[in-house]
Amino acid sequence: AQADRAADTLAAGLAARGYRTRTVVAYRTMLRDPTPSERADALAADAVVFASGSAAQAWADMIGIETPPCVIVIGPTTAAVASAAGLQVTHVAADHNVDGLIRAVVTALADDS
C-alpha cells in the first residue's frame, strides 16, 4: 500500500529479491489552496516539517519557496525533493522515522532559540 505519488522503490526492491508484489494506492495527495491568512500564518511559524516529498512539493506548489526559518525533513529523499522544489532545508532527521523526525524538530528548535 502506498500513495499515488510514491516511487516504486519498495516494490522494485522486493521484486529484485524474488518476491511477487502488487502495489495498491492507499491514498491520494490532494492540494488545497491556502487563504491569504493561512499562508501568512504558515510563514509566521517557527518551523515547517515535511514527512514526505509530496508534502514538500505541495508547499512549493501552493505557498512558493518562502518558508519559516527552520525547514525540517524526515530524510534524504524528502530533502532532495524539497531542494529540487526550491526550498532551503535546514535540518534532516538522523533516523528516518516519526521518532527521528520529532527529535530533529526538538533539536532544531532548541538550537534556534
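Attention here is on the structure that accompanies the text. Just so it is clear, the model here is predicted, and its values are computed rather than measured.

### Side note on the layout of surface pockets
Here's step 1: Here the largest pocket defines a volume of roughly 470 Å³.
Here's step 2: For the lining of the largest pocket, the secondary structure elements donating two or more residues are α3 (53-62) and α4 (76-84).
Here's step 3: The greatest single-element share of the lining of the largest pocket, amounting to four residues, is contributed by α4.
Here's step 4: Residue composition of the lining of the largest pocket, grouped by class: eight nonpolar, nine polar and one charged.
Here's step 5: In this structure, the second largest pocket encloses a volume near 200 Å³.

### What to know about the pattern of salt bridges
Here's step 1: Evaluation of the coordinates by the stated rule reveals three salt bridges.
Here's step 2: Here Glu 38 and Arg 32 are joined by a salt bridge, their closest N and O atoms 2.8 Å apart.
Here's step 3: For Glu 66, the salt bridge is made with Arg 39, and the minimal N-O distance between the two is 3.7 Å. One end of the pair, Glu 66, is in the loop between α3 and β4 (70-73); the other, Arg 39, is in helix α2 (residues 36-44), with 27 residues separating them in the sequence.
Here's step 4: Classification of Arg 39 by relative accessible area gives partly exposed; the value is 30%.

The rules behind these values
Residue positions within a chain follow its written sequence, with the count starting from 1. In keeping with the predicted nature of the model, local features appear solely for residues at pLDDT of at least 70, side-chain atom pairs appear and are counted solely at 80 or more, and the whole-chain, interface and lining totals rest on all residues. Side-chain measures were taken over the full set of non-hydrogen atoms in the model, leaving aside hydrogen atoms and water. Only protein atoms enter the calculation, which uses a 1 Å grid: trapped sets of points that fit a 1.4 Å probe without letting it out are cavities, open sets showing protein on both sides within 12 Å along at least five of seven lines are pockets, and any residue with an atom within 4 Å of a point is a lining residue. Grid points are joined across faces, edges and corners, and a volume is the space filled by probe spheres set on the points. Counting from the N terminus, the helices are the DSSP runs of H or I reaching at least four residues and the strands are the DSSP runs of E reaching at least two. Gly counts as polar in this scheme, as do all residues outside two lists: the nonpolar Ala, Val, Leu, Ile, Met, Phe, Trp, Tyr, Cys and Pro, and the charged Asp, Glu, Lys and Arg. By salt bridge we mean one thing: a side-chain nitrogen of Lys or Arg within 4 Å of a carboxyl oxygen of Asp or Glu. Residue burial is assigned from relative accessible area. The probe radius is 1.4 Å, only protein chains are included, and a residue is buried under 20% of its type maximum, exposed over 50%, and partly exposed in between.

It is worth stressing that arrangement in space is one thing and function is another; only the former is reported here.
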